Amino acid sequence: MKIKISSWNVNGIRARLDVLSLWIKNTDPDILCLQETKCVNEDFPKKQFESMGYKIYLIGQKSFNGVAILSKYELTDVNYQLYDEREDKQPRFIEATLNLQDNIPLKINCIYLPNGNPYPSEKFDYKIEWMDKLILRAKENLKNETPYIILGDFNIIPTEIDVFDYNRWIDDALFTIEARKRYRHLINLGLYDAYKLCSKKIIEYTHWDYQGGAWNNNQGIRIDHILMSPSACSIFSDMITHTDVRGTEKPSDHVPITAIFDLN
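In this text, all values refer to a predicted model and were calculated from it rather than measured experimentally.

Caption draft 1: Quick look at the nonpolar core. Among the nonpolar cores identified, the biggest contains 33 residues, and Ile 5, Ile 69, Ile 108, Ile 149, Met 228 and Phe 261 are the most heavily contacted of them. Ranked by the residues each element gives to this core, the list is headed by strand β7 (residues 105-112), at 4 residues. Setting aside residues no more than four positions away along its own chain, Phe 261 makes contact with Met 1, Lys 2, Ile 3, Ile 5, Ile 149, Met 228, Ala 232, Ile 235, Phe 236 and Ser 237. One finds Phe 93, Trp 130, Ala 138 and Tyr 148 within the second-largest nonpolar core, a separate group that totals 24 residues.

So this is what it looks like as structure tokens:
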């Protein structure tokens with residue numbers, strides 16, 4: 001049995017409904033984590049995805065942010081808050097558990113990490129605070145030694161090779177040393193980048209700006225990631241970056257990414 005778990009920053013669920021629905025029909029993910037849905041819960045097109053066999057878990061906000069998980073399976077232990085001590089007013093996080101074969105729990109964190117620009121600013125301080133909270137959550141989840149994944153739009157360019165020209169991003173919040181250090185902290189906890197576990201002949205970007213011919217000139221960045229615990233790596237089979245979706249009509253500025261897990 002194989003399970004496909006995908007992530008996609010759709011940059012507005014209603015604006016991307018047609019391209020998203022077509023992609024789901026063609027790709028058939030078992031679980032799809034969405035970011036930047038940009039609508040309140042009541043306006044989310046639930047019926048569209050329920051008719052395709054998905055259960056919906058979401059937390060939204062008008063015109064900004066918002067995350068959702070579409071799952072063919074019932075998820076348990078659903079939590080919409082990264083912060084323990086207070087409510088995060090920006091909906092950016094869903095934690096849920098998928099019970100695999102033999103009732104092995106797979107913990108999933110769907111995240112839309114803050115952009116943080118301009119740098120420096122209060123927005124950047126919020127980004128760093130949010131990452132520190134994510135590190136604490138990851139530490140707790142890794143203690144259980146059960147399969148655990150974090151996936152979504154990290155708004156982090158991890159290294160110089162993950163961007164077409166890193167010199168243009170030196171003072172951008174996505175590439176600051178403070179943010180990248182915290183990303184490395186996550187990795188050093190014992191998480192593995194699914195992309196790097198696969199043999200890739202070329203860098204596969206996940207985001208191209210709408211401006212300046214970025215897509216046509218392949219001036220992209222890799223900021224959408226899937227991080228996995230060692231026990232998740234043991235069932236990991238492959239990762240796909242669905243680059244072609246960026247060339248469709250009315251695309252998001254991000255493309256989907258998919259991790260495939262083999263439970264046999």
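Caption draft 2: Broad picture of the packing of aromatic side chains. A full pass over the atoms with the stated rule returns 9 aromatic pairs. With a centroid separation of 6.5 Å and 70° between ring planes, the pair formed by Phe 93 and Trp 130 is classed as edge-to-face. Of this pair, Phe 93 sits in strand β6 (residues 93-99) while Trp 130 sits in helix α3 (residues 122-143), and the two are 37 residues apart along the sequence. Assessed through its relative accessible area of 0%, Trp 130 is described here as buried. Centre to centre, the rings of Phe 236 and Phe 261 are 6.1 Å apart; their planes meet at 65°, and the pair counts as edge-to-face. Taken as a pair, Phe 236 in strand β13 (residues 236-241) and Phe 261 in strand β14 (residues 257-262) lie far apart in primary sequence, 25 residues in all. Taken as a pair, Phe 236 and Phe 261 share a single burial class, namely buried. Across the ring face of Tyr 112, the terminal group of Arg 92 is positioned such that the distance to the ring centre comes to 4.7 Å. When the ring centre of Phe 175 is taken as reference, the NZ or CZ atom of Arg 180 above it lies at 4.0 Å.

Caption draft 3: Representation of the side chain of Asp 253 within the structure. Relative to the assigned elements, Asp 253 resides in the loop between β13 and β14. With no salt bridge to any partner, buried Asp 253 finds its closest opposite charge in Arg 16, at an N-O distance of 6.4 Å. A polar contact is formed between the side chain of Asp 253 and the side chain of Asn 11, at a distance of 3.5 Å. For Asp 253, the side chain forms a polar contact with the side chain of His 207, separated by 3.4 Å. Sequence-distant contacts of Asp 253, that is, excluding residues within four places in its chain, are made with Asn 11, Thr 206, His 207, Trp 208, Tyr 210 and Arg 246.

About the thresholds
- Residues numbered from 1 in each chain as written.
- Predicted model: local features only at pLDDT ≥ 70, side-chain atom pairs only at ≥ 80, totals over all residues.
- Heavy atoms only, no water.
- Core = buried A, V, L, I, M, F, W, Y, C linked by side-chain atoms within 4.5 Å.
- Buried < 20%, exposed > 50% of the residue type's maximum accessible area, 1.4 Å probe, protein only.
- Helix = DSSP H or I, 4+ residues; strand = E, 2+ residues; numbered from the N terminus.
- Contact = heavy atoms within 4.5 Å.
- Phe/Tyr/Trp six-rings, centres within 6.5 Å; stacked < 30°, edge-to-face > 60°.
- Lys NZ or Arg CZ within 6 Å of the ring centre and 35° of its normal.
- Lys, Arg positive; Asp, Glu negative; His and termini not counted.
- Salt bridge = Lys/Arg side-chain N within 4 Å of Asp/Glu carboxyl O.
- Polar contact = N/O pair within 3.5 Å; in protein donor to acceptor, adjacent residues only side chain to side chain.

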